[in-house]
Amino acid sequence: MATEQTLSIIKPDATRRNLTGKIIAKFEEAGLRVVAQKRLHMTLAMAQAFYAVHKDRPFYNDLCQFMVSGPVVVQVLQGENAVAKNREVMGATNPANAAPGTVRKEFAESIEANSVHGSDSLENARNEIAFFFSQTEIVG
Ligand code: CMP
């Protein structure tokens, strides 16, 4: 097994309900370590660029508006198989399909306001981490 880093975003629906600590506790309980973290209010241009891969999907505009509706907390999570581990802890994109005990099952409001984002591959993780963090901000 390899030590990996992945990009996590605690989304506006979760920061609004003051759930940041409860969500981070789930990551840490699963063996993931927060090696970088900041709270920011994304601009629309940032949200559009971050989710550019979805730009032709019907939910793209609503998703970008939602992501700028309040602050987010972006993090680099590090650990064994961090990309897959984080996705396991998050649960399915749609909370209706998420397994018991996952972040989205416990906290998500809807498929859009689903509390967290996590990179879906190691390659995307590298790109998404670089989108938000410089190397000097990541402290393992
Ligand atoms: P995330 O993991 O951040 O990746 C893309 C996001 O788009 C996803 O979580 C959801 O917030 C959102 N999303 C995915 N599918 C849909 C959908 N069918 N309707 C609305 N939003 C969606």
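Because the structure is a prediction, the values reported are computed rather than measured. (Residues numbered from 1 in each chain as written. Predicted model: local features only at pLDDT ≥ 70, side-chain atom pairs only at ≥ 80, totals over all residues. Heavy atoms only, no water.)

Caption draft 1: Representation of the pattern of salt bridges within the structure. The final tally for this structure, using the stated rule, is five salt bridges. Here E109 and R16 are joined by a salt bridge, their closest N and O atoms 3.1 Å apart. Of this pair, E109 sits in the loop between α6 (103-107) and β4 (116-118) while R16 sits in helix α1 (residues 12-16); the two residues are 93 residues apart in sequence, bridging distant segments of the chain. In this structure, a network of salt bridges that share partners links the residues D13, R16, R17 and E109. (Salt bridge = Lys/Arg side-chain N within 4 Å of Asp/Glu carboxyl O. Helix = DSSP H or I, 4+ residues; strand = E, 2+ residues; numbered from the N terminus.)

Caption draft 2: Seen up close, the packing of aromatic side chains. This structure, assessed with the given rule, holds four aromatic pairs. With a centroid separation of 5.0 Å and 85 degrees between ring planes, the pair formed by F50 and Y51 is classed as edge-to-face. An angle of 65 degrees between the planes, with centres 5.5 Å apart, marks the rings of F50 and F131 as edge-to-face. Of this pair, F50 sits in helix α3 (residues 44-50) while F131 sits in helix α7 (residues 122-132), and the two are 81 residues apart along the sequence. Residue classification places F50 among the buried residues on the basis of a relative accessible area of 9%. A relative accessible area of 33% places F131 in the partly exposed class. Of the aromatic side chains, those joined through ring pairs into one cluster are F50, Y51, F131 and F132. (Phe/Tyr/Trp six-rings, centres within 6.5 Å; stacked < 30°, edge-to-face > 60°. Buried < 20%, exposed > 50% of the residue type's maximum accessible area, 1.4 Å probe, protein only.)

Caption draft 3: Focus on the site of the ligand. The environment of the ligand is formed by K11, Y51, H54, F59, L63, T93, R104, I111, E112, N114 and H117. Within the side chain of K11, a nitrogen or oxygen atom sits 2.7 Å from an oxygen atom of the ligand. Notes on the ligand: free accessible area 450 Å², of which the protein chains cover 78%. Looking at the shell around the ligand residue by residue, the classes come out as four nonpolar, four polar and three charged. (Near = heavy atom within 4 Å. Polar contact = N/O pair within 3.5 Å; in protein donor to acceptor, adjacent residues only side chain to side chain. Areas by Shrake-Rupley, 256 points an atom, 1.4 Å probe, with all protein chains shown as cover. Nonpolar A, V, L, I, M, F, W, Y, C, P; charged D, E, K, R; others polar.)

Caption draft 4: How the structure looks around the side chain of T15. When you line up the elements, T15 lands in helix α1. A distance of 3.2 Å separates a polar side-chain atom of T15 from the backbone oxygen of P12. Ignoring sequence-local partners within four residues, the contact set of T15 consists of I10, T20, R39, P71, V72 and V73. (Contact = heavy atoms within 4.5 Å.)

Caption draft 5: Spotlight on the environment of R126. Counting through the fold element by element, R126 comes out in helix α7. Placed 10 residues apart in sequence, R126 and V116 show a C-alpha to C-alpha distance of 18 Å.

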